[in-house]
Amino acid sequence: MKKRLMVQVFLMAALAAPLSMFANSVQIQYQAANISGDEWSYTYKVNSAPFAANEAFTVFFAQGSYSNLQAAPPSPSGWSTFSLQPDAILFTNGLYTALALTPGASLAGPFTITFDYLGLGTPGSQAFSIDLFDSNGNLISNVTTGFTTPLSQTVPEPATGLLLLAGGAAVVVLKKQWFGQAE
């Protein structure tokens, strides 16, 4: 009976371990700073494996909520950064893009943009995407998407919940095995 229990525990651990592969490995955090009035800046911190050459992250600025986007010069070493304005006529969001020019370009930044915030209060989280391009600038694939989080907020890996669930299931099975034998 003990051998069977050990096999069950081993199988649960073996099944739970690969769940961490499904965790989104890219996290973009922001620090918002009010410059004056409606003028703000975001400084982004990217937590990721090193980017490949021609891999970019893009942060989107909702049309109607932001204007006057200005990528702060100079671009970080090994990167090309630019911004595009939101367009009410074309119904498009604005964006800030940082493109890695060399493999493994430093993610230390700073990746900073200034803008006018048209909403009330403090600007918040934004959608982002990580994309891979060929040497001619053609999109090869979208690597991942997500939402930025405040720099002061820690974000658990998405697979953490699954790992906790697997551990809880293991405890239940063990408890039934041990207390089931006593009866």
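Residues numbered from 1 in each chain as written. Predicted model: local features only at pLDDT ≥ 70, side-chain atom pairs only at ≥ 80, totals over all residues. Heavy atoms only, no water.

### Examining the overall build of the protein chain
Right, so step 1: The helix and strand inventory of the protein chain stands at two helices and ten strands.
Right, so step 2: Listed by position from the N terminus, the elements making up the protein chain come as α-β-β-β-β-β-β-β-β-β-β-α.
Right, so step 3: Counting all 183 residues of the protein chain, 28% fall into the buried class.
Right, so step 4: Within the protein chain, contacts between residues separated by at least 24 positions form 65% of all contacts whose residues are at least 6 apart in sequence.
Right, so step 5: With an accessible surface of roughly 10,900 Å², the protein chain has 63% of that area assigned to carbon and sulfur atoms. (Helix = DSSP H or I, 4+ residues; strand = E, 2+ residues; numbered from the N terminus. Buried < 20%, exposed > 50% of the residue type's maximum accessible area, 1.4 Å probe, protein only. Contact = heavy atoms within 4.5 Å. Areas by Shrake-Rupley, 256 points an atom, 1.4 Å probe, with all protein chains shown as cover.)

### A few points about unusual backbone geometry
Right, so step 1: The peptide bond linking Pro 73 to Pro 74 adopts the cis configuration, its omega dihedral lying at -10°.
Right, so step 2: Counting through the fold element by element, Pro 74 comes out in the loop between strand S4 (66–71) and strand S5 (79–84).
Right, so step 3: Its identity as a non-glycine residue notwithstanding, Asn 54 has a phi of 70°, on the positive side.
Right, so step 4: Within the fold, Asn 54 resides in the loop between strand S2 (39–47) and strand S3 (55–61).
Right, so step 5: On the accessibility criterion, Asn 54 (23% relative accessible area) is partly exposed.

### Examining the sheet that holds strand S1 (residues 27–36)
Right, so step 1: Ordered in space as S4-S7-S2-S1-S10, the five strands form an open sheet in which the pairing is mixed. Edge positions in the sheet fall to S4 and strand S10 (149–150), since each of these pairs with one other strand and no more.
Right, so step 2: Here nine bridges tie S1 to S2, and the two strands are oriented antiparallel to one another. Bridging across to S2, Gln 27 finds its partner in Asn 47. (Pairing = 2+ DSSP bridges.)

### Observations concerning the sheet that holds strand S9 (residues 139–147)
Right, so step 1: Pairing within the open sheet is antiparallel, and its five strands lie in the order S5-S6-S3-S8-S9. Each of the sheet's edge strands pairs with one partner strand only, and the pair in question is S5 and S9. Neighbour-to-neighbour, the strand axes of this sheet turn through a mean angle of 20°, independent of strand direction.
Right, so step 2: Note: S5 against strand S6 (residues 94–100), six bridges, orientation antiparallel. Across the sheet, the residue bridging to Ser 80 is Leu 99, located in S6. (Axes fitted to C-alpha atoms, helices over the stretch in contact; angles between N-to-C directions.)

### Describing the environment of Leu 151
Right, so step 1: Tracing the backbone shows Leu 151 in the loop between S10 and helix H2 (160–182).
Right, so step 2: Non-local contacts of Leu 151, meaning those with residues more than four positions away in its chain, are made with Gln 29, Tyr 30, Gln 31 and Lys 45.

### Focus on the nonpolar core
Right, so step 1: In this structure, Tyr 44, Phe 57, Phe 61, Trp 79 and Phe 115 are the most contacted members of the largest nonpolar core, which totals 25 residues.
Right, so step 2: Taken together, the elements giving at least two residues each to this core come down to S1, S2, S3, S4, S6, strand S7 (111–117) and strand S8 (127–133).
Right, so step 3: With near-sequence residues (within four places) excluded, Tyr 44 lies in contact with Ile 28, Gln 29, Tyr 30, Val 59, Phe 61, Tyr 96, Phe 111, Ile 113, Gln 126 and Thr 148. (Core = buried A, V, L, I, M, F, W, Y, C linked by side-chain atoms within 4.5 Å.)

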